[in-house]
Number of protein chains: 2
Amino acid sequence: MALEKRDNHSGDKHGAFAYEGLDRIIHERARLAILSSLASNEGGLTFNDLKDLCALTDGNLSRQLQVLKEANLLEIEKGTSGNRPQTICRLTRAGRKRFLEYIAELERVISNAAHPSAIPFGEGKVKGASA
Amino acid sequence: MALEKRDNHSGDKHGAFAYEGLDRIIHERARLAILSSLASNEGGLTFNDLKDLCALTDGNLSRQLQVLKEANLLEIEKGTSGNRPQTICRLTRAGRKRFLEYIAELERVISNAAHPSAIPFGEGKVKGASA
């Protein structure tokens, strides 16, 4: 009975835990690492910086940078350091905005975990179930 | 030059943004939704509760519940509600522990975003690069 009542109530909370703001491009762990590094380093980071900070292989980093560039989240700029060619990656303005939106959704995940009673659904007692 | 210096320093921060605590089983969005719902409802949730709260299809929810059960993160219990069979899902003790560890790592992601200077890498000025 209690369960049926909960089912009836659940309509009010439809999608309350769906976390649709967890943008699939950003949510993948390696890409999250890259974007998080870049968000913390406004001046940009070199390929080697990123490889090290994110503990990624060359191949994986290259691949993920390409995905992020195609999604217009970051820009890759060629320059020089001393006499050596140097590539630097930076968040685009759109990338920073989308990253912050993603972070706001992560804060919801944490807030739900910290306040379990925020979206209560009753006792969950089932006849025949162990306590 | 500035960039080379940063490369030399980056060893100190190796993997600082790797977020290895973002357990792959938990990090997938649909599974994160399920675990987050269950963590907020200690008494457990029915299949229909979860479907609604997480805005998932029957097929996807079934599949993800199976993955989570095989990883020992949740248990699925058969009971009755009135005269009808009723299935209820709950976090296992190990599932709750791993979910909280995952949440702690998410807090690091947010903390890094909130305090960009926590892991600084200099100015990122590249000769020939636009400001």
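Conventions adopted
Residues numbered from 1 in each chain as written. Chains lettered and ligands numbered in written order. Predicted model: local features only at pLDDT ≥ 70, side-chain atom pairs only at ≥ 80, totals over all residues. Heavy atoms only, no water. Pairing = 2+ DSSP bridges. Helix = DSSP H or I, 4+ residues; strand = E, 2+ residues; numbered from the N terminus. Axes fitted to C-alpha atoms, helices over the stretch in contact; angles between N-to-C directions. Parallel < 35°, antiparallel > 145°, perpendicular 65-115°, else oblique. Left-handed = near helix turned anticlockwise from the far one by under 90°. Contact = heavy atoms within 4.5 Å. Buried < 20%, exposed > 50% of the residue type's maximum accessible area, 1.4 Å probe, protein only. Salt bridge = Lys/Arg side-chain N within 4 Å of Asp/Glu carboxyl O. Phe/Tyr/Trp six-rings, centres within 6.5 Å; stacked < 30°, edge-to-face > 60°. Nonpolar A, V, L, I, M, F, W, Y, C, P; charged D, E, K, R; others polar.

**Focus on the pairing of strand β2 (residues 74-81) of chain A**
Thought 1: Bridge count between β2 of chain A and strand β3 (residues 84-91) of chain A: 8 bridges; the pairing is antiparallel. In the sheet register, T80 of chain A faces β3 of chain A, and the bridge partner there is P85 of chain A.

**Comments concerning the packing of helix α4 (residues 47-54) of chain A against helix α5 (residues 58-70) of chain A**
All names here are of chain A.
Thought 1: Across the interface, α4 lies against α5 with an axial gap of 10 Å and an inter-helix angle of 110 degrees. With respect to α5, the axis of α4 lies roughly perpendicular. Between α4 and α5 the crossing geometry is right-handed. Contacts between α4 and α5 involve F47, L50 and K51 from the first element and D58, L61, S62 and L65 from the second.

**Some points on the pairing of strand β3 (residues 84-91) of chain B**
All names here are of chain B.
Thought 1: Note: strand β1 (residues 45-46) against β3, 2 bridges, orientation antiparallel. Across the sheet, T46 pairs through a bridge with I88, a residue of β3.
Thought 2: The turn linking strand β2 (residues 74-81) back onto β3 is made up of 2 residues, and G82 within it adopts a positive phi angle of 65 degrees.

**Re unusual backbone geometry**
Thought 1: We note that A55 of chain A has phi near 50 degrees; this positive angle belongs to a residue other than glycine.
Thought 2: Within the secondary structure, A55 of chain A sits in the loop between α4 and α5.
Thought 3: The partly exposed category is assigned to A55 of chain A, whose relative accessible area is 33%.
Thought 4: The backbone of N72 of chain B sits at a positive phi, close to 65 degrees, despite the residue not being glycine.
Thought 5: Structurally, N72 of chain B is set in the loop between α5 (58-70) and β2.

**So, the pattern of salt bridges**
Residues and elements named next belong to chain B.
Thought 1: Under the counting rule described, the total for this entry stands at 10 salt bridges over all chains.
Thought 2: A salt bridge links E101 to K97; its shortest N-O distance comes to 2.9 Å. On the criterion of helical spacing, the pair formed by E101 and K97 is a turn pair, its members being 4 residues apart in helix α6 (residues 93-114).
Thought 3: For K97, a relative accessible area of 52% puts it in the exposed group.

**A few points about the packing of aromatic side chains**
Thought 1: Across all of its chains, the model carries 2 aromatic pairs over all chains by this definition.
Thought 2: The interplanar angle of 85 degrees and the centroid separation of 6.3 Å between the aromatic rings of F17 of chain A and Y19 of chain A together place this pair among those described as edge-to-face.

**Overview of the packing of helix α3 (residues 29-39) of chain A against α4 of chain A**
All names here are of chain A.
Thought 1: Between α3 and α4, the least distance of the axes is 10 Å, while the angle of their chain directions is 115 degrees. Note on packing geometry: the crossing formed by α3 with α4 is right-handed. In contact with A33, I34, S37 and L38 of α3, α4 contributes L50, L53 and C54.
Thought 2: Across the contact of α3 with α4, the residue classes break down as 6 nonpolar, 1 polar and no charged.

**Focus on the sheet that holds β2 of chain A**
All names here are of chain A.
Thought 1: One open sheet accounts for 3 strands, arranged β1-β3-β2; its pairing is antiparallel. Each edge of the open sheet carries a strand with a single partner, namely β1 (45-46) and β2.
Thought 2: Set on the sheet, α3 makes contact with β1, β2 and β3; between it and β3 the angle comes to about 95 degrees.

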